[in-house]
Amino acid sequence: MDIEELRTFVEVADAGGVTAAALRLGLSKSIVSRRLARLEADLGVQLLARTTRGAALTEAGLTFRDHAARVCAEIDVARETILPEGELRGSFRIAAPLTFGPTHFATVIAEMARLHPQLQVRSCYTDRFVDLITEGFDCAIRVGHLTDSNMLARKVGSTPAVYVATPAYIAAHGAPETPEQFATHDVVMQGTETWLALDGETVIPLKPHGRFKADNAVALVAAALAGIGLAGVPTELIIDHLDSGALVPVMPRYPPPMLGIYVIRPPGQHPARKVRVLTEMLIEHCAIMADEIARRDERRGR
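So, a few notes on the structure that sits alongside this text. A quick note: this is a predicted structure, and the numbers were derived from the prediction, not measured. (Residues numbered from 1 in each chain as written. Predicted model: local features only at pLDDT ≥ 70, side-chain atom pairs only at ≥ 80, totals over all residues. Heavy atoms only, no water.)

Quick look at the sheet that holds strand 7 (residues 161-165)
Link 1 in the chain: Spatially, 12-7-13 is the arrangement adopted by the three strands of the open sheet, whose pairing is antiparallel. Each end of this open sheet is capped by a strand with a single partner; those strands are strand 12 (231-234) and strand 13 (248-249).
Link 2 in the chain: Both strand 7 and strand 12 contribute to a ladder of four bridges, which runs antiparallel. Bridge assignment links Ala-161 to a residue of strand 12, and that residue is Pro-234. (Pairing = 2+ DSSP bridges. Helix = DSSP H or I, 4+ residues; strand = E, 2+ residues; numbered from the N terminus.)

Structure (structure tokens):
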């Protein structure tokens, strides 16, 4: 029984089919199918029932999947233990936000790949909520306020946010100064989220409403610049618009809390060393980023 056959079976089981698993693994469908066939032949049982929509686990497959996943995880730990110090290899799948990822985290991921030439890095940039277990990711980088989850999180940094509007919007509708006034304004938003405002140490929930929604913060900035409504976005995304005066902070006495930057991973006893390495690199990067933000704010007289 080959370890790669076990890995392939776990990927097919989690992805729900050969095609999706092949994309995850970077292999052809024929190779994935051959590995599954060899594994089933070695075990003498059918693990997957092929359907027109993909593949469903048989009763034997359901039982075997968890055992196979544990074996693969133990092999990974054993390999990491005997590797030369600092050397990483194997596949590393990372999900990162589309809004911040390419501009703030991609350089860190690329540097990690450069330092570890035997590591196969696959990064996915999206602002949608990624299910790490179902979609087969080793970890994700997330920015914002974490909700309750069975995922394990390590905070690596933080970044400020601000509520803003255009001068034209303020001239037409006024600028909210309190949470009560905020409730009367239209906002541009991602969905049905709750916003937060700080009154000293007290966190006040805000229930925004508006007619413009988008699943990406860059699109929300564009809508705010068009004067559609208020926006609550990371300061990093709009620093040039703040400097030019195209966007103006509102409700300064009740600012949003700092946004946390986290590395999220599926539950387990110990994080894989590749996740630990990325985490440490991001901690260093976020510290440098925070210093740059502080220097810019100082130059702007804040």
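On we go from here.
Remarks on the packing of helix 2 (residues 18-25) against helix 3 (residues 29-43)
Link 1 in the chain: Direction vectors running N to C along helix 2 and helix 3 enclose 110°, while the axes themselves pass 9 Å from each other. Relative to helix 3, helix 2 is oriented roughly perpendicular. Residues Val-18, Thr-19, Ala-22 and Leu-25 of helix 2 touch helix 3, and the partners they reach there are Lys-29, Val-32, Ser-33 and Leu-36.
Link 2 in the chain: Residue composition of the contact of helix 2 with helix 3, grouped by class: five nonpolar, two polar and one charged. (Axes fitted to C-alpha atoms, helices over the stretch in contact; angles between N-to-C directions. Parallel < 35°, antiparallel > 145°, perpendicular 65-115°, else oblique. Contact = heavy atoms within 4.5 Å. Nonpolar A, V, L, I, M, F, W, Y, C, P; charged D, E, K, R; others polar.)

Some details on the packing of helix 1 (residues 3-15) against helix 2
Link 1 in the chain: Interaxial distance between helix 1 and helix 2 falls to 8 Å at its minimum, and their mutual angle equals 120°. When the interaxial angle is binned, helix 1 and helix 2 end up oblique. For the crossing formed where helix 1 meets helix 2, the hand is right-handed. Together, Thr-8, Glu-11, Val-12, Asp-14 and Ala-15 of helix 1 and Val-18, Ala-20, Ala-21, Arg-24 and Leu-25 of helix 2 make up the contact between the two elements.
Link 2 in the chain: Split into classes, the residues belonging to the contact of helix 1 with helix 2 amount to six nonpolar, one polar and three charged. (Left-handed = near helix turned anticlockwise from the far one by under 90°.)

Section: the pattern of salt bridges
Link 1 in the chain: For the structure shown, the criterion picks out seven salt bridges.
Link 2 in the chain: With its nearest N and O atoms 3.7 Å apart, the salt bridge here joins Glu-4 to Arg-7. Taken as a pair, Glu-4 and Arg-7 lie in helix 1 at a separation of three residues, close to a single helical turn.
Link 3 in the chain: In this structure, Asp-138 engages Lys-274 in a salt bridge whose closest nitrogen and oxygen atoms are separated by 3.9 Å. In this pair, Asp-138 is assigned in the loop between helix 6 (132-135) and strand 5 (139-144) and Lys-274 in helix 11 (residues 273-299), connecting sequence segments 136 residues apart. (Salt bridge = Lys/Arg side-chain N within 4 Å of Asp/Glu carboxyl O.)

With respect to the pairing of strand 10 (residues 202-206)
Link 1 in the chain: Here strand 9 (residues 195-199) runs beside strand 10; their pairing, made up of five bridges, is antiparallel. Across the sheet, the residue bridging to Trp-195 is Leu-206, located in strand 10.
Link 2 in the chain: Taking the residues that link successive antiparallel strands as the turn, the strand 9-strand 10 hairpin has two residues, and the phi of Gly-200 there is positive, at about 65°.

Details of the sheet that holds strand 6 (residues 152-159)
Link 1 in the chain: If you walk across this open sheet you meet the five strands as 4-3-5-14-6, and the pairing is mixed. Since the sheet does not close on itself, it has two edges, and those belong to strand 4 (119-125) and strand 6, each with one partner. Pairs of neighbouring strands in the sheet enclose a mean axial angle of 20°, with direction left out of account.
Link 2 in the chain: With seven bridges connecting them, strand 3 (residues 90-96) and strand 4 associate as parallel partners. Paired with Phe-92 across the two strands is Val-121, which belongs to strand 4.
Link 3 in the chain: Of the strands in this sheet, strand 3, strand 4, strand 5 and strand 14 (259-265) are in contact with helix 5 (residues 101-115), which crosses strand 4 at around 175°.

Some remarks on unusual backbone geometry
Link 1 in the chain: Here the phi dihedral of Met-251 falls at roughly 50°; this positive angle occurs in a residue that is not glycine.
Link 2 in the chain: Tracing the backbone through its elements, the reader meets Met-251 in the loop between strand 13 and strand 14.
Link 3 in the chain: Take Met-251: its relative accessible area is 1%, and that puts it in the buried class. (Buried < 20%, exposed > 50% of the residue type's maximum accessible area, 1.4 Å probe, protein only.)

Quick notes on the environment of Arg-128
Link 1 in the chain: Mapped onto the fold, Arg-128 is located in the loop between strand 4 and helix 6.
Link 2 in the chain: Put simply, Arg-128 and Asp-215 are 87 residues apart on the chain and 7.2 Å apart in space, counted from C-alpha to C-alpha.

Things to note about the packing of aromatic side chains
Ring pairs (aromatic) are described by centroid distance and by the angle formed between their planes.
Link 1 in the chain: With the rule as written, the count across this model stands at five aromatic pairs.
Link 2 in the chain: Measuring from ring centre to ring centre gives 5.7 Å for Phe-9 and Phe-64, while their planes differ by 45°; the resulting arrangement is tilted. A residue pair is termed long-range when its members are at least 10 positions apart, and Phe-9 in helix 1 and Phe-64 in helix 4 (residues 59-82) qualify at 55 residues. The pair Phe-9 / Phe-64 is uniform in exposure class, with both members buried.
Link 3 in the chain: Here Arg-93 stacks its cationic end above the ring of Phe-137, 4.3 Å away from the centre of that ring. (Phe/Tyr/Trp six-rings, centres within 6.5 Å; stacked < 30°, edge-to-face > 60°. Lys NZ or Arg CZ within 6 Å of the ring centre and 35° of its normal.)

These values are about where atoms sit, not about what they do.
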